[in-house]
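Report on the structure
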Amino acid sequence: MTKSPFLMLFSCLLIGFKLLAADPSGAEASGAEASDAEPLASDGNDGYRLWLNYEPVRNASVKSEYLKYAAFIGRPASGEIMQSASQELQLGLGKLLGKSVNITNSFAGKSGGIVFKIETSADTAQPVEGYRIQLSGGNMIISSKSEQGILYGTFALLRHMQMQLPVKGLNLASSPRVRYRMLNHWDNPDGTIERGYAGQSLWKWYELPERVDPRYADYARANASLGINGTVLNNVNASARFMSQEYIVKVAAVANVMRKYGIKTYLSVYFAAPKTLGGLKTSDPLDPQVRAWWKEKVAQIYKEIPDFGGFLVKANSEGEPGPQDYGRIHADGANMLAEAFKPYDGIVIWRAFVYKADPNADRFKAAHEEFVPLDGKFDPKVIVQVKNGPIDFQPREPFSPLFGNMPKTPLGIEFQITQEYLGFATHAVYEAPIFEECLDSDTYVNGAGSTVAKIVDGSLHGYERTLIAGVANTGNSRNWTGHPLAQANWYAFGRLSWDHQLTSEQIAREWIALTLTQNPKASGHITALMLRSREIYVDYNTPLGLSRPWMGVHFAPEPWQNKGSRPDWTAVYYHRADSIGLGFDRTASGSNALAQYRPEVQKQWNNPDQTPLPYLLWFHHVRWDKKLSTGRTLWEELCTRFYTGADSVVWMQQQWDLAKPSLDPQIYTDVAERLKVQRREAIWWRDAWVLYLQTFTKQPVPAGFEPPKQTLEEVKKSVNVYLMR
Ligand code: BDP
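The protein has the name Xylan alpha-1,2-glucuronidase in an unreviewed UniProt entry, where Dyadobacter chenhuakuii is given as its organism. Per UniProt, the protein has the following entry under Catalytic activity (unreviewed entry): "Hydrolysis of (1->2)-alpha-D-(4-O-methyl)glucuronosyl links in the main chain of hardwood xylans."

The structure is reproduced here in structure tokens:
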């Protein structure tokens, strides 16, 4: 039997446990900052274990309290999810308390253990995936209506223990606010990942179904620990291959692992598969043969994967086929697939990421224009998945105007965890504030307080099929995400998909405690770094509402890029720099995209004098010499942000260094080195923008800032070298 790498690390950890337990300074427990002279010995933490480190509980009194419940794990005769829960608990208790605890199903009348209990509707009004942890009859009881809820409760208890929170009065209860909480992998069958920066795909299609990589189980554990209950295994730019029997069997082998952790498996589909794979003459969704083909296909999938989750579809978007190829509408395509899912539990997730190659159009408006007229036309089994912003995962975007404007359709939200526009794996950008900012945005559709979160969780329009999706940042890098701090983005996505009311700071503190250190001072420095990281990035990358979704790798600065097969695949289309000013006029005098929002929202962004600076250039073409609320002109403000942003990376480095004594040396060095790269690249971005925009403003860099050492031609050359094949 192959041993999970998690389990293999267990024995190393036990050795680490002994070393740490013997540490007489008790630094972690007392909260004193470890001294520079005594760096933590590396326990070989290479980031693989993520937030499931299960470091020994070092606070002696907390530990002894937990030990009172470590006599046994009581698990009623159960299915495989509860088995996973009990195994996880056994593993966690072993590491956290240093005690090997037996799992038993004969525990009636016994006390001193942790007991799983399935509740009935008569016992509790909690939703089916919710859990409760209570002390009762000398036991600690983890209860839920479902095995899945017990698994979530188990992870919540382990989190509680890892954070060394007391047992006293323990009463933890929680249930998810959103029903489908899933990762979208943009992984291709050849092992590459579209917009992936952490190595190759986790899924080894060529070895499946015979060999099932033990890493799949660790992936599932990590997701289940956050409450993620779905995974789309393949890229939205889908290969028809996944609809073949050969691949369905491979997918089934992965699904068998996911199922043990309450995770359903989904697939992205290639809309033209009936033609390309099935040999039909057409893929027209209204053609009876095409409809029959999909029905059979879905039945074939359910034969292999009885709990299959459903399809994710990118159609008539960026050259992907779709119903419009046959003169049909999106709803025709989605409803045809929904019909095929009628006998089953599965759903159809139809993406609203569309924009046409119209040289006079504003891409901002495209999804709203195409989808709002379809409101009410989708089958109830369809959820329309909308990106958080109207364009494309920019470092800062206003919320998509689709939220609130399709009340007769359940709308799911799609965030991007992978850092396509956020500096790949060399820039530290903590994304929870991006997610939070969007979820907290008020659409005003039903008056004040109609937040995006309330649309997504179904509470505003009364939907039960609700969805939150994140484009995964995982790959086969040993530490899963490339940049060690990017693990926090996966973590934050998962925690927010369970409960969007958690704050970015709460989540950051939790992740740091579980993953990096529990030293309060070190944690303070890292929290500060993480919470400011997004604004710092925005400052040197896209300040004041600039955006940069031009075609290409989405990494190197290319604000001068003005050639593309369509206008909205150039940089100049978005920033609109000219001799007068900068920014995209989306008011009535421009594209009037603002009209897609409610009047209250329009009011916030309509008047350039009142538009909050982070959104200014999203909606206005602003004169270079216009005085902003900061007292500086637009040009001065831009320069201030480019420069302070790039300089703030030095501040990030300082925060990280201050935490060094409490960090594992391997992780410390990895992040410290990436921050050095970030510093260099931040200057690259700053110089590219400043030098390029100067060709329009003809103004010098304001006093107090040192002009770039390189010329525009030199920066362009370095970008060309970067982009060279
Ligand atoms: C863009 C990506 C592209 C994706 C597309 C999508 O650049 O690789 O295929 O979004 O979401 O952000 O479909």
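Observations regarding the overall build of the protein
Each helix and strand in the protein was counted, giving 22 helices and 16 strands. Relative to the 2.2 N^0.38 estimate, which gives 27 Å for 725 residues, the radius of gyration of the protein is 26 Å and therefore close to what a compact globule would have. Burial status across the protein gives 62% buried among its 725 residues. Taking the intrachain contacts of the protein between residues at least 6 apart in sequence as the baseline, contacts between residues at least 24 apart amount to 75%. As displayed, the protein offers around 26,500 Å² of accessible surface, 52% of which is attributable to carbon and sulfur atoms. Side-chain charges in the protein split into 77 positive and 75 negative, and the spacing between the mean points of these groups amounts to 2 Å.

What to know about the sheet that holds strand 7 (residues 180-184)
In spatial order, the strands read 7-8-9-10-11-12-13-14; together these 8 strands close into a barrel with parallel pairing. Taken over all neighbouring pairs, the strand axes of this sheet differ in orientation by 25° on average, direction set aside. Relative to strand 10 (residues 310-313), strand 9 (residues 264-269) is paired through 4 bridges, and the arrangement is parallel. Paired with V269 across the bridge in strand 10 is V313.

So, the site of the ligand
Neighbouring residues of the ligand: 13 residues in total, closest E194, K314, R351, D392 and E420. A distance of 2.6 Å separates an oxygen atom of the ligand from a polar atom in the side chain of K314. Out of a free accessible area of 320 Å², the ligand has 97% covered by protein chains. Taken together, the residues of the shell around the ligand sort by class into 3 nonpolar, 2 polar and 8 charged.

Notes on the pattern of salt bridges
Going through the model one piece at a time under the given rule, you end up with 39 salt bridges. For K68, the salt bridge identified is with E65, shortest N-O distance 2.7 Å. With a relative accessible area of 27%, E65 lands in the partly exposed category. The partner of D392 in a salt bridge is K387, with the nearest N and O atoms 2.8 Å apart.

Observations concerning the sheet that holds strand 1 (residues 73-74)
Across the sheet, which stays open at both edges, the 6 strands sit in the order 2-1-3-5-4-6 with mixed pairing between neighbours. Every other strand in the sheet has two partners, leaving strand 2 (103-104) and strand 6 (171-174) as the edge strands with one partner each. Note: strand 4 (residues 131-136) against strand 5 (residues 139-144), 5 bridges, orientation antiparallel. Bridging from a neighbouring strand, I133 pairs with I142 of strand 5.

Regarding the nonpolar core
Counting residues in hydrophobic clusters, the biggest one holds 204 residues, and the most contacted among them are W294, F311 and W656. It is helix 21 (residues 665-697) that contributes the most residues to this core, 14 residues altogether. If we ignore the near neighbours within four places in the chain, the residues touching F311 are M243, L267, V269, W294, V298, I301, L337, F341, I347, V348 and I349. In terms of nonpolar packing, the next biggest core, distinct from the first, is built from 15 residues, Y180, Y266, F393 and V471 among them.

Some details on the side chain of H330
Along the polypeptide, H330 turns up in helix 10 (residues 330-340). For H330, a relative accessible area of 1% translates into the label buried. Engagement of the side chain of H330 in a polar contact is seen with the side chain of W350, the distance being 2.9 Å. With sequence-adjacent residues up to four places away left out, H330 is seen in contact with A315, N316, P323, Q324, W350, V354, E370, F371, L374 and F378.

Some points on the environment of A688
Residue placement: A688 occurs in helix 21. Along the backbone, A688 and N541 are 147 residues apart, and their C-alpha atoms lie at a distance of 9.8 Å. Apart from residues no more than four positions distant in its own chain, A688 is found in contact with P557, P559, W560, L712 and V715.

Some details on helix 15 (residues 504-515)
Relative to the 16 Å expected for 12 residues at 1.5 Å per residue, helix 15 spans 16 Å between its end C-alpha atoms, a close match to the ideal helical length. In terms of burial, helix 15 is largely enclosed, as 9 of its 12 residues are buried. Three or more residues of helix 15 are buried, namely S504, I507, A508, E510, W511, I512, A513, L514 and T515. The secondary structure elements touched by the buried residues of helix 15 are helix 5 (147-162), helix 12 (432-439), helix 14 (487-498) and helix 16 (520-541).

Observations regarding the environment of F393
Looking at the element boundaries, F393 is found in the loop between strand 12 (382-387) and strand 13 (411-416). With 22 residues separating them along the chain, F393 and F415 place their C-alpha atoms 7.3 Å apart. Sequence-distant contacts of F393, defined by excluding residues within four places in its chain, comprise W186, K387, N388, E414, F415, Q416, E420, Y421 and V471.

Some details on the packing of aromatic side chains
By the definition in use, this model includes 49 aromatic pairs. Between F311 and F341, the ring centres sit 4.9 Å apart and the planes meet at 85°, which makes this aromatic pair edge-to-face. Placement of the pair is F311 in strand 10 and F341 in the loop between helix 10 and strand 11 (347-351), with a sequence separation of 30 residues. Looking at F311, the relative accessible area reads 0%, which means it is buried. With centroids separated by 5.9 Å and ring planes inclined at 75°, the aromatic side chains of Y573 and F584 adopt a geometry described as edge-to-face.

The rules behind the values
- Residues numbered from 1 in each chain as written.
- Predicted model: local features only at pLDDT ≥ 70, side-chain atom pairs only at ≥ 80, totals over all residues.
- Heavy atoms only, no water.
- UniProt positions renumbered as here; feature names shortened; annotations may be inferred.
- Helix = DSSP H or I, 4+ residues; strand = E, 2+ residues; numbered from the N terminus.
- Rg over C-alpha atoms; globule rule 2.2 N^0.38 Å.
- Buried < 20%, exposed > 50% of the residue type's maximum accessible area, 1.4 Å probe, protein only.
- Contact = heavy atoms within 4.5 Å.
- Areas by Shrake-Rupley, 256 points an atom, 1.4 Å probe, with all protein chains shown as cover.
- Lys, Arg positive; Asp, Glu negative; His and termini not counted.
- Charge placed at Lys NZ, Arg CZ, Asp CG, Glu CD.
- Pairing = 2+ DSSP bridges.
- Axes fitted to C-alpha atoms, helices over the stretch in contact; angles between N-to-C directions.
- Near = heavy atom within 4 Å.
- Polar contact = N/O pair within 3.5 Å; in protein donor to acceptor, adjacent residues only side chain to side chain.
- Nonpolar A, V, L, I, M, F, W, Y, C, P; charged D, E, K, R; others polar.
- Salt bridge = Lys/Arg side-chain N within 4 Å of Asp/Glu carboxyl O.
- Core = buried A, V, L, I, M, F, W, Y, C linked by side-chain atoms within 4.5 Å.
- Expected span 1.5 Å × (residues − 1).
- Phe/Tyr/Trp six-rings, centres within 6.5 Å; stacked < 30°, edge-to-face > 60°.

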